Amino acid sequence: MAVDPVIHAHMAYLVQCEKKDLEVAEKLEEDIALWKKRVGLARERGEDELAEQARERALALIAERRALQTRLDMIANEKDILRRESRRPHGRELEYAEELLRRWQESGLVDPEKAALDEEFDKLDSEQALAELHEEIVGTLDDDSLANEVVLSDPDALGSPEPDDLR
């Protein structure tokens, strides 16, 4: 199945965006760590105003990281959709499959509707044969002579000693 060029181009674009966003995310992580460290250093020196400015900068970077993560999640979802879409038959592949099915049905080799009916009939036939066999077995067991023969041929029915009793 050929890949749709539009899907292919869009996927390539998404991969590029994702790569750039991942690089930005890596840089953001470094910057967040740096600004958190600056908050700690400013507090150690007792510079509350400087610590608050560093804290605000760190919070702004964290918010930016959240927005970037949301964008990365959206890219991942869109890539999944494109993958599924690229696997679906479309255009000529779908027409070809429909034509192939039509020719197959016209050839008389297999008719899906007839095959389903034949399967149901086969199932009913096997159930009927099983019911008849069951009736035969139950009918023969009702005969006392056969029942006695079955019981007498059973070693447990004769009261034969168990291997443990022979000791």
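Going by the structure above, here's the rest.
Since the model is a prediction, treat every value here as computed from it, not as a measurement.

A. Examining the overall build of the protein more closely. Summing up its helical and strand segments, the protein has 5 helices and 0 strands in all. Traced from its N-terminal end to its C-terminal end, the protein shows the element sequence α-α-α-α-α. Put simply, the protein has 167 residues, and 13% of those count as buried. Once local pairs closer than 6 in sequence are excluded, the contacts in the protein between residues at least 24 apart make up 69%. Counting only carbon and sulfur atoms, one obtains 56% of the accessible surface of the protein, whose full area is about 13,900 Å².

B. Summary view of a nonpolar patch on the surface. The grouping of Leu117, Phe121 and Leu124 at the surface amounts to a nonpolar patch, some 320 Å² of accessible area in total. Structurally, the position occupied by Leu117 is in helix 4 (residues 112-142). Since its relative accessible area comes to 53%, Leu117 is described here as exposed.

C. Highlighting the pattern of salt bridges. Tallying each qualifying case throughout the model produces 6 salt bridges. In this structure, the salt-bridge partner of Arg71 is Asp21, at a minimum N-O distance of 3.1 Å. Separated by 50 residues along the polypeptide, Arg71 in helix 2 (residues 48-87) and Asp21 in helix 1 (residues 5-44) bring together distant segments of the chain. Asp21 sits in the buried class, given a relative accessible area of 9%. Between Glu29 and Arg65 there is a salt bridge whose closest N-O contact spans 3.0 Å. With Glu29 in helix 1 and Arg65 in helix 2, this residue pair connects regions lying 36 residues apart in the sequence. You can call Glu29 partly exposed: its relative accessible area is 37%. Judged by its relative accessible area of 29%, Arg65 is partly exposed.

D. Focus on the nonpolar core. Ala25, Leu28, Ile32, Leu61, Ile62, Leu68 and Leu72 together form the largest nonpolar core, which totals 7 residues. Among the elements that make up this core, the one with the highest residue count is helix 2 (4 residues). Those residues in contact with Leu68 that sit more than four places away from it in its chain are Asp21, Val24, Ala25 and Leu28.

E. Structural context of helix 2. Between its first and last C-alpha atoms helix 2 spans 58 Å; for 40 residues at 1.5 Å apiece the expected length is 58 Å, and the two agree. Inspection of helix 2 places Ala51, Ala54, Ala58, Leu61, Ile62, Leu68, Leu72, Ile75, Lys79 and Leu82 among the buried residues, and these make up the whole buried set. Next to the buried residues of helix 2 lie helix 1.

F. Structural detail: the packing of aromatic side chains. Per the counting criterion, the structure on display carries 0 aromatic pairs. Note that Arg38 overlies the ring of Trp35, its terminal NZ or CZ placed 4.5 Å from the centroid.

G. Spatial organisation of a negative patch on the surface. Side chains of Glu119, Glu120, Asp122, Asp125 and Glu127 sit close together on the surface and give a patch of like negative charge. Its location among the elements puts Asp125 in helix 4. Asp125 gets classed as partly exposed once you look at its relative accessible area, which sits at 49%.

H. A look at the packing of helix 1 against helix 2. The interhelical angle for the contact between helix 1 and helix 2, taken along N-to-C directions, is 160°, at an axis separation of 8 Å. Classed by the angle they form, the pair helix 1 and helix 2 counts as roughly antiparallel. Crossing angle aside, the handedness with which helix 1 passes helix 2 is left-handed. Of the residues belonging to the contact of helix 1 with helix 2, the class tally is 23 nonpolar, 2 polar and 16 charged.

Quick notes on the rules
- Residues numbered from 1 in each chain as written.
- Predicted model: local features only at pLDDT ≥ 70, side-chain atom pairs only at ≥ 80, totals over all residues.
- Heavy atoms only, no water.
- Helix = DSSP H or I, 4+ residues; strand = E, 2+ residues; numbered from the N terminus.
- Buried < 20%, exposed > 50% of the residue type's maximum accessible area, 1.4 Å probe, protein only.
- Contact = heavy atoms within 4.5 Å.
- Areas by Shrake-Rupley, 256 points an atom, 1.4 Å probe, with all protein chains shown as cover.
- Patch = residues over 30% accessible without salt bridge, like charges linked within 9 Å, V, L, I, M, F, W, Y side chains within 5 Å.
- Salt bridge = Lys/Arg side-chain N within 4 Å of Asp/Glu carboxyl O.
- Core = buried A, V, L, I, M, F, W, Y, C linked by side-chain atoms within 4.5 Å.
- Expected span 1.5 Å × (residues − 1).
- Phe/Tyr/Trp six-rings, centres within 6.5 Å; stacked < 30°, edge-to-face > 60°.
- Lys NZ or Arg CZ within 6 Å of the ring centre and 35° of its normal.
- Lys, Arg positive; Asp, Glu negative; His and termini not counted.
- Charge placed at Lys NZ, Arg CZ, Asp CG, Glu CD.
- Axes fitted to C-alpha atoms, helices over the stretch in contact; angles between N-to-C directions.
- Parallel < 35°, antiparallel > 145°, perpendicular 65-115°, else oblique.
- Left-handed = near helix turned anticlockwise from the far one by under 90°.
- Nonpolar A, V, L, I, M, F, W, Y, C, P; charged D, E, K, R; others polar.

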